[in-house]
Amino acid sequence: MQTAKKDIRTLSKEELRDFFVSQGDKAFRGNQVYEWLWSKGAHHFDDMTNLSKENRVMLEEYFVINHIKVDTMQHSEDGTIKNAVRLHDGLIVESVLIPTETRTTACVSSQVGCSLDCNFCATARLKRMRNLAPDEIYDQVVAIDQESRLYHDRPLSNIVFMGMGEPLMNYNNVIKAIEKITSDEGLGMSPKRITVSTSGVSKMIKKMADDEVKFKLAVSLHSAIEETRNRIMPFTKSFPLTELREALEYWYRKTKSKITYEYVVWKGINDDKKAIDALVKFCKYVPCKVNLIEYNPIDDGEFQQADSSVTDAYIKALESAGIVAKVRRSRGKDIDAACGQLANKS
């Protein structure tokens, strides 16, 4: 009985070199294959034109390339593109290309479904089926970079881990993907152009600081009042605000990197003076900036966008306290590509 072929992209360059030597070939062939897999994004062994036919047949015999496939692509009237990405086992995740005048940003997924239970997010209603492998995360970025060049005539400039899933619950694979994305042998992107967004998994924020990561950190906060936060994001009972604050102070001490708080204002939930004062106080603990995000309804009435006067009150209070704050308008709402809307309706 034939054993299942191994996904070749789980091998390091050294392991590829060793494989060729074990087959009585030259070690440098491993370097060539590695370049095809990562820098050149080859989907098939036949694409590797500087290898002999025999080499390509041999690779086919031992390995597979578990490449993603963009199943459907939806274009928003504002230029946003949403990809439904089919994985090698048939599962689907979504990723988004968000263009502005000056940049194009890839919003990528890290899990199929999500480990968490935020009540306002469509993705959280899908159970977490599995973590994405590093190459599956990397492939989403490659696909969006190609779309950015094709439709917007420029390479991808930024990446945010704000798609489906909680990135810190798939920490090792996310870190490996970012290493490949930032490596000269991969996409060569600066880590300063990458933001990893978490719902506040305190112990993993500390681990990132200890690992001396170079990318930016965003935290989906949505309330600086414990009771409110627990109501809208029930899992945060395990990660109380005091613990989150301590982890963020630790992060800043170690990295000197400013934190971004992502914050949606909802009617009747966090739209009063008490909520505003609590956020201003929380923001004073660690150097930060605040993105107030427009809410995108997900079919039910419990969560509704607060009046713009409330958003203005937040901005005024934050700016008076010397905290940078801006309103982030949602992109791609007409194709369910905006924040909190990724739910594989396709």
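Since we're looking at a predicted model, the values are computed, not measured. (Residues numbered from 1 in each chain as written. Predicted model: local features only at pLDDT ≥ 70, side-chain atom pairs only at ≥ 80, totals over all residues. Heavy atoms only, no water.)

1. A few points about the overall build of the chain
No. 1: Of regular secondary structure, the chain possesses ten helices and 14 strands.
No. 2: Relative to its length of 346 residues, the chain is compact, with a C-alpha radius of gyration of 22 Å against a globular reference of 20 Å.
No. 3: Here the C-alpha coordinates of the chain stretch approximately 70 × 40 × 40 Å along the principal axes.
No. 4: For the chain, the residues scored as buried account for 53% of the 346 residues in total.
No. 5: Taking contacts inside the chain between residues at least 6 apart in sequence as the whole, the part at least 24 apart equals 65%.
No. 6: Of the accessible surface of the chain, which amounts to about 16100 Å², a share of 49% is contributed by carbon and sulfur atoms. (Helix = DSSP H or I, 4+ residues; strand = E, 2+ residues; numbered from the N terminus. Rg over C-alpha atoms; globule rule 2.2 N^0.38 Å. Buried < 20%, exposed > 50% of the residue type's maximum accessible area, 1.4 Å probe, protein only. Contact = heavy atoms within 4.5 Å. Areas by Shrake-Rupley, 256 points an atom, 1.4 Å probe, with all protein chains shown as cover.)

2. Points about the sheet that holds strand β12 (residues 259-264)
No. 1: Reading across from one edge, β3-β4-β5-β6-β9-β10-β11-β12-β13-β14 is the order of the ten strands in this open sheet, with mixed pairing throughout. Here the strands that pair on one side only, and so sit at the sheet edges, are β3 (69-75) and β14 (324-328). Each strand of the sheet is rotated relative to its neighbour by a mean of 20°, with strand direction disregarded.
No. 2: Taken together, the six bridges between β3 and strand β4 (residues 81-86) define a ladder with antiparallel strand orientation. Bridge pairing in β4 links Gln 74 to Lys 82.
No. 3: Relative to the sheet, helix α4 (residues 134-152) contacts β3, β4, β5 (92-99), β6 (104-107) and β9 (158-161), its axis offset from that of β5 by approximately 40°. (Pairing = 2+ DSSP bridges. Axes fitted to C-alpha atoms, helices over the stretch in contact; angles between N-to-C directions.)

3. Quick notes on the nonpolar core
No. 1: Ranked by internal contacts, the top residues of the largest apolar core, which has 101 residues, are Met 48, Leu 59, Ile 159, Leu 248, Tyr 261 and Val 290.
No. 2: Among the elements that take part in this core, helix α9 (residues 273-283) stands out by supplying seven residues, more than any other. (Core = buried A, V, L, I, M, F, W, Y, C linked by side-chain atoms within 4.5 Å.)

4. Section: the environment of Val 57
No. 1: Mapped onto the secondary structure, Val 57 falls in helix α3 (residues 53-62).
No. 2: Between the C-alpha atoms of Val 57 and Val 324, which are 267 residues apart in sequence, the distance is 57 Å.

5. What about helix α10 (residues 308-320)?
No. 1: The end-to-end C-alpha distance of α10 is 18 Å, a good match for the 18 Å that 13 residues give at a rise of 1.5 Å each.
No. 2: By the burial criterion, the buried members of α10 are Val 310, Thr 311, Tyr 314, Ile 315 and Leu 318. Buried residues in α10, looked at end-on, bunch into an arc of 140°, giving them a common side. Facing away from the buried side of α10 by more than 90 degrees, the exposed set consists of Asp 312, Lys 316 and Ser 320.
No. 3: Its buried side turned inward, α10 meets β12, α9, β13 (288-293) and β14.
No. 4: Directly after α10, the chain includes Gly 322, whose backbone phi takes a positive value near 80°. (Expected span 1.5 Å × (residues − 1). Arc of directions from axis to C-beta.)

6. Describing unusual backbone geometry
No. 1: You will see that Asp 153, though not glycine, has its phi angle at about 60°, which is positive.
No. 2: On the secondary structure map, Asp 153 appears in the loop between α4 and β9.
No. 3: For Asp 153, a relative accessible area of 71% gives the class exposed.
No. 4: Of note, the phi angle at Glu 212 is positive, near 55°, even though the residue is not glycine.
No. 5: Its place among the elements puts Glu 212 in the loop between α6 (202-210) and β11 (216-220).
No. 6: Residue classification places Glu 212 among the exposed positions, given a relative accessible area of 54%.

7. Let's talk about the side chain of His 67
No. 1: Relative to the assigned elements, His 67 resides in the loop between β2 (63-64) and β3.
No. 2: Classification of His 67 by relative accessible area gives buried; the value is 17%.

8. Some words on a positive patch on the surface
No. 1: A cluster of like positive charges, contributed by Arg 103, Lys 192, Arg 193, Lys 214, Lys 216, Lys 258, Lys 289 and Lys 326, occupies part of the molecular surface.
No. 2: When you line up the elements, Lys 258 lands in the loop between α8 (241-255) and β12.
No. 3: By relative accessible area, which is 45% here, Lys 258 ends up partly exposed. (Patch = residues over 30% accessible without salt bridge, like charges linked within 9 Å, V, L, I, M, F, W, Y side chains within 5 Å. Salt bridge = Lys/Arg side-chain N within 4 Å of Asp/Glu carboxyl O. Lys, Arg positive; Asp, Glu negative; His and termini not counted. Charge placed at Lys NZ, Arg CZ, Asp CG, Glu CD.)

9. Focus on α8
No. 1: Here α8 is 15 residues long and its end C-alpha atoms lie 20 Å apart, about the 21 Å a rise of 1.5 Å per residue gives.
No. 2: On the buried face of α8, the contacting elements are α6, β11, α7 (226-232), β12 and α9.
No. 3: After α8 finishes, the residue Lys 256 shows a positive phi value of roughly 55°.

10. Here we look at the pattern of salt bridges
No. 1: According to the stated counting rule, one finds 18 salt bridges in the structure shown.
No. 2: With a shortest N-O distance of 2.8 Å, Arg 9 and Asp 139 are connected by a salt bridge. Taken as a pair, Arg 9 in the loop between β1 (6-7) and α1 (13-22) and Asp 139 in helix α4 lie far apart in primary sequence, 130 residues in all.
No. 3: Residue Arg 9 is classed as buried on the basis of its relative accessible area of 5%.
No. 4: Classification of Asp 139 as buried rests on a relative accessible area of 3%.
No. 5: As a salt-bridge pair, Glu 185 and Lys 13 come within 2.3 Å of each other at their nearest N and O atoms. With Glu 185 in the loop between α5 (171-182) and β10 (194-198) and Lys 13 in helix α1, the pair connects residues that are 172 residues apart, well separated along the chain.
No. 6: Overall, the relative accessible area of 35% leaves Glu 185 in the partly exposed class.

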